[in-house]
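Residue strings, one per chain:
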Amino acid sequence: MNPFWWRERLVKRNRMIDSRIQRKRTRDRCLLLILSTYWSILQLCQCQCPLGSTSFEKVAGASLRSARLNALYKGSPGEASITKECLNRCRALSDCNSMLLSYTAQNCMKSTMTSEGRRSDVTTSSPPSSTSYFEKICLGAPRCSQLWTFERVIGYEISGFDDRTIPAVSSRLQCQDLCLREKGFTCRSGEYDYAFQQCRLSSEDRRSQPSSFRPAFGDVDYFENQCVADGATGCNYEEKEDTDVERVDAALTASSQSECQQQCDATQSFLCHAYSFRQASSSCKLSSEDTFNLGSNAVRRRMGTSYYQRENCLDLKLTCTDTTMQLILKTREPFDGRIYSQSKPYSCQAFGDKQTVTKFVMDVRGECGVEVESDDHLTNTVVIQYHPLIQQKGDRVIKLYCSLFEETNRTITKTFQVSQGLEPAVTAVVNATAPTPNIRLRITDINGTDISGTRIGEPLYFRIEIDEDSVFGIFARDMTARNGKSDQMIELIDSEGCPSDARIFPAFDKIPGTKSLQSRFQAFKFSEDSIVRFQVNVHFCLEECNPVVCPSGSQSWGKKRRKREDTNEIPIVPDYPLVAAIVVEGSNFGNNTGPTGSKYIDEREIESADELVCTTKTVVVVSSLGALFLQIGLLAACGTCLLLTRKDQRPRYSEDAASTITETLPPFGSVHHSRLR
């Protein structure tokens, strides 16, 4: 018996322990290598725009429904720009794909979600909440110095000003890229039609063509390029006293109103559309919002503060003599509206004849309301109305000045938005119903609340409702609007059920899941009357009416199932007229106080599968390449691990074999060895 057998077993045991430790170290190194490779490639694929530029898209007054929000930044009192700080922080974080900024709470919250594939989750309230939703986007075109590159309005468009239409565009972000790269004209805005994958680019925007900015038909989003100046440039600022900015993008100090205006004009972080100045505290607040995009919600009441915003400039020229004042209006589209003296609307007026140049001559000594302001100055106020009968958002009031001792060519010194006070409560709302079937007429705001008064340009719904258990279906035709005196009238829906001018009143559509009808329109009014009386004839059919196909190619509601002439020839129930009236106030933007006491949006649950969304075709390509590199990297890591494992195992197998031989054959010189020999 070998007297050193215990030593050999101890050596063998130590070798086995060393081998196990070595194998564990090899596995750990392989695992670390695989994890490092995976993490590096994952960072490359995390939509941080490796081949483009990262920027933001803004939706004012909106939030993303169901988004889980986490704290990003809380501003301190007197901070110059919480907007800039929040966006810079979100840009630097890979887990910040969108952001909600609260102007009242002075804080911002981040989220990993975006609206890609969930457009309907971007929601706005009425009035708009004091928040803005910012979404991180990846653009192939170089971004500009602005904090955000685009502003987006869901469900809107500019009608009739498409400079370029591009088919087969796969996404809204690709359409925005095309706008930034456009060389043929200055692309100020665009629209993306999701259903037809169509991109429409324009040299106009909602400020240069406010009367053409309206709710869109179908799934269309409007976006505005923030890398170019406004279409209306070189304009004066209009002033409103005791009014302050509601949404502050930069808070500065200024010694005077003119210095505050210079800071607004010179800012490079965003397009400054409005500012407020408070002399008592030298406070100068700059804002990217104004009443053109948010209405009266862009401002709030504050005594001792003056609010200024850029005017919607018109191409006007005023020529004066000692007997006449001649105003020449130039428009990009044919003008068929009306120009008239505000004090003498019927005795002094001119109608457009669908030309791009319209002249309005006022006799100084006639019935045009021209006044002598001083010994050498004449003045008058005129209204430029884009429709011959009704006032709409975007119509203008212009104050004219003439000097009798200067050259005749004059410029406009000041312009105003259409502004008329609310008349006394002369409301006459009539809800007419027929015994069989039972129908109701409602005019509501976007929240579904019935209204009897509103402002020019506010979005409204005209709803014709019928009981769901009725055997009848309905459609609307012969719809008109009249002023309070009923001496002016315009046709909204013709006898076939088609809109006469979809920019004023679009076609009726079915309310989803019901038999009822609705049309979304913007409030309008007649020139000298705040009362608007609507009348519509409701036609009845058994079960369901068939839609009418209008000359524009659109249907008045729903999906066409069969030709209309197959039924409806014999009326089941006579057409029934419905009547309603509302009071429409002029768009005096400073009269309303903005929202107060706004609460910040609470966190909401989201699905983890939707937390990361790549936003552009470029990023999709990069992600695909990243996935390929990831697979190659993992294979390479596994191959390396295999080689390391084999290398570590070779000496282990040799040692194990030697140990086995040692156990089988006794050492030389032993008794067993002598016998064998």
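Residues numbered from 1 in each chain as written. Predicted model: local features only at pLDDT ≥ 70, side-chain atom pairs only at ≥ 80, totals over all residues. Heavy atoms only, no water.

As recorded by an unreviewed UniProt entry, the protein carries the name Cuticlin-1 and is attributed to Nephila pilipes.

**As for the overall build of the protein**
Which entries qualify depends on this criterion: For the purposes of this entry, the term helix denotes a DSSP run of H or I that reaches at least four residues, the term strand denotes a run of E that reaches at least two, and both are numbered from the N terminus. Exposure classes here rest on a 1.4 Å probe applied to the protein chains alone. A residue is buried below 20% of its type maximum, exposed above 50%, and partly exposed in between. The contact criterion used is simple: two residues touch if any of their non-hydrogen atoms lie within 4.5 Å. In these tables, accessible area is a Shrake-Rupley quantity obtained with a 1.4 Å probe, and a residue counts as shielded only by the protein chains included in the view.
Summing up its helical and strand segments, the protein has seven helices and 40 strands in all. Counting the 677 residues in the protein, one finds 50% classified as buried. Intrachain contacts of the protein at a sequence separation of at least 6 include 71% that bridge at least 24 residues. Accessible area for the protein stands at about 32500 Å²; split by element, carbon and sulfur atoms hold 52% of it.

**As for the pairing of strand β35 (residues 489-493)**
To keep it simple, the criterion reads: When DSSP finds two or more bridges between a pair of strands, those strands are recorded as paired.
In this structure, strand β34 (residues 472-483) lies alongside β35, joined through four bridges in antiparallel fashion. Residue pairing for β35: Arg482 is matched across the bridge by Met489. Between β34 and β35, which follow one another and run antiparallel, lie five residues, and Ser486 among them has a positive phi close to 60 degrees.

**Here we look at the pattern of salt bridges**
Keep this limit in mind: Salt bridges, as used here, are contacts in which a Lys or Arg side-chain nitrogen is within 4 Å of a carboxyl oxygen on Asp or Glu.
Here the structure, examined in full by the defined rule, presents 34 salt bridges. Where Lys110 meets Asp95, a salt bridge forms, and the shortest distance between an N and an O atom there is 3.1 Å. You can see Lys110 sitting in strand β5 (residues 107-111) and its partner Asp95 sitting in the loop between α2 (82-92) and β4 (98-102), a full 15 residues away along the chain. Relative accessible area serves as the criterion here: at 15%, Lys110 is assigned to the buried category. Beyond isolated ion pairs, a larger network of salt bridges with shared partners links Glu57, Arg119, Arg152, Arg172, Asp219 and Asp221.

**Details of the packing of aromatic side chains**
For clarity, the threshold we go by: Stacked, tilted and edge-to-face are the three classes assigned to paired rings of Phe, Tyr and Trp, where Trp is represented by its six-membered ring and a pair needs centres within 6.5 Å; plane angles under 30 degrees give stacked, over 60 edge-to-face, the rest tilted. Consider the ring centre and the ring normal. A charge sits over the ring if Lys NZ or Arg CZ is within 6 Å of that centre and within 35 degrees of that normal.
The tally for this structure, following the rule as stated, stands at 18 aromatic pairs. When the centroid spacing of 5.5 Å and the interplanar angle of 65 degrees are considered together, the rings of Phe462 and Phe534 count as edge-to-face. Pair noted here: Phe462 is in strand β33 (residues 459-466) and Phe534 is in strand β39 (residues 531-542), with a separation of 72 residues, a long-range link. The buried category is assigned to Phe462, whose relative accessible area is 0%. With a relative accessible area of 2%, Phe534 lands in the buried category. We note Arg338 situated over the ring of Tyr340; from NZ or CZ to the ring centre the distance is 3.9 Å.

**Some details on the state of the cysteines**
Under the convention used in this document: Here, the term disulfide refers to a pair of cysteine sulfur atoms separated by no more than 2.5 Å.
Within this structure, the stated rule accounts for eleven disulfides. In this model, Cys179 is linked to Cys187 through a disulfide, with the two sulfur atoms separated by 2.1 Å. Note on the Cys179 and Cys187 pair: the S-S dihedral is about -110 degrees, so by sign convention the disulfide is left-handed. The residues Cys179 and Cys187 share a single accessibility class, namely buried. At a sulfur-sulfur separation of 2.1 Å, the disulfide partner of Cys541 is Cys545. Taking the sign of the S-S torsion, 105 degrees for the link of Cys541 and Cys545, the bridge is right-handed. Side by side, Cys541 and Cys545 carry an identical accessibility label, which is buried.

**Describing the sheet that holds strand β32 (residues 453-455)**
Our working rule: Comment: axis = line fitted to C-alpha atoms, over the contacting stretch for helices; angle = value between 0 and 180 degrees taken between N-to-C directions.
In spatial order, the strands read β32-β40-β39-β34-β35; together these five strands make up an open sheet with mixed pairing. Both edges of this open sheet fall to β32 and β35, since each of them pairs with a single strand only. Here the average twist between neighbouring strands, direction ignored, is 30 degrees.

**What about helix α3 (residues 172-181)?**
With respect to burial, α3 is a largely interior element, seven of its ten residues being buried. Every buried residue belonging to α3 is among Arg172, Leu173, Cys175, Gln176, Asp177, Cys179 and Leu180, and all of these are buried. Packed against the buried residues of α3 are β1 (53-60), β7 (131-139), β8 (150-154), β11 (189-193), β12 (198-202) and β14 (220-225).

**Brief notes about the nonpolar core**
Which entries qualify depends on this criterion: What is meant by a nonpolar core is a set of buried Ala, Val, Leu, Ile, Met, Phe, Trp, Tyr and Cys residues, joined one to another through side-chain atoms within 4.5 Å.
Phe462, Ile464, Met479, Leu492, Phe508, Phe524 and Phe534 are the most contacted members of the largest nonpolar core, which totals 39 residues. Of all the secondary-structure elements, those providing two or more residues to this core are β31 (439-444), β33, β34, β35, β37 (517-522), β39 and β40 (576-585). The residues touching Met479, leaving out its near neighbours within four places in the chain, are Phe462, Glu491, Leu492, Ile493, Phe505, Phe508, Phe534, Gln535 and Val536.

**Observations concerning α2**
Where we set the bar: Starting at the helix axis, one direction is taken to each C-beta atom, and the arc is that of these directions.
Burial in α2 covers these residues: Ile82, Thr83, Cys86, Leu87, Cys90 and Arg91. Buried residues of α2, viewed axially, fall in a sector of 160 degrees; they line one side. Looking at the buried positions of α2, the neighbouring elements they touch are β1, β3 (70-74), β4, β5 and β7.

**A short note on the sheet that holds β12**
Sheet architecture is open: ten strands sit in the order β3-β5-β4-β7-β1-β8-β14-β11-β12-β10, paired in mixed fashion. Edge positions in the sheet fall to β3 and β10 (164-166), since each of these pairs with one other strand and no more. The sheet shows a mean angle of 25 degrees between the axes of neighbouring strands, direction not considered. With five bridges joining them, β4 and β7 adopt antiparallel strand pairing. Residue Ser102 lies in a different strand from β7, and its bridge partner there is Thr131. Running over the sheet, α3 touches β1, β7, β8, β10, β11, β12 and β14 and is turned about 75 degrees from β7.

**Observations concerning the confidence of the model for the protein**
Filter applied, for reference: The pLDDT score gives, residue by residue, the confidence of the prediction method on a 0 to 100 scale.
In this model, the protein carries an average pLDDT of 77, and 73% of its residues clear a pLDDT of 70 or more. Confidence drops under a pLDDT of 50 for residues 588-619, and excluding neighbours within four residues, the segment shows 87 contacts in the predicted structure. The low-confidence segment residues 650-677, where pLDDT is below 50, has eleven contacts with residues more than four positions distant or belonging to other chains.

**Quick notes on unusual backbone geometry**
Even without being a glycine, Gln106 presents a positive backbone phi close to 55 degrees. As for its position among the elements, Gln106 is in the loop between β4 and β5. Accessibility expressed as a relative area gives 23% for Gln106, which makes it partly exposed. Phi at Ser486 is positive, roughly 60 degrees, even though this residue is not glycine.

**Regarding the environment of Ile582**
Along the chain, Ile582 falls in strand β40. When the C-alpha positions of Ile582 and Gly453 are compared, they lie 5.4 Å apart, and in sequence the two are 129 residues distant. Discounting chain neighbours no more than four positions away, the residues touching Ile582 are Ile443, Ile451, Ser452, Thr454, Leu460, Ser530, Ile531, Val532 and Phe534.

**Describing the environment of Leu389**
Locating Leu389 in the fold gives a position in the loop between β26 (377-385) and β27 (390-391). Overall, Leu389 belongs to the partly exposed group, its relative accessible area being 23%.

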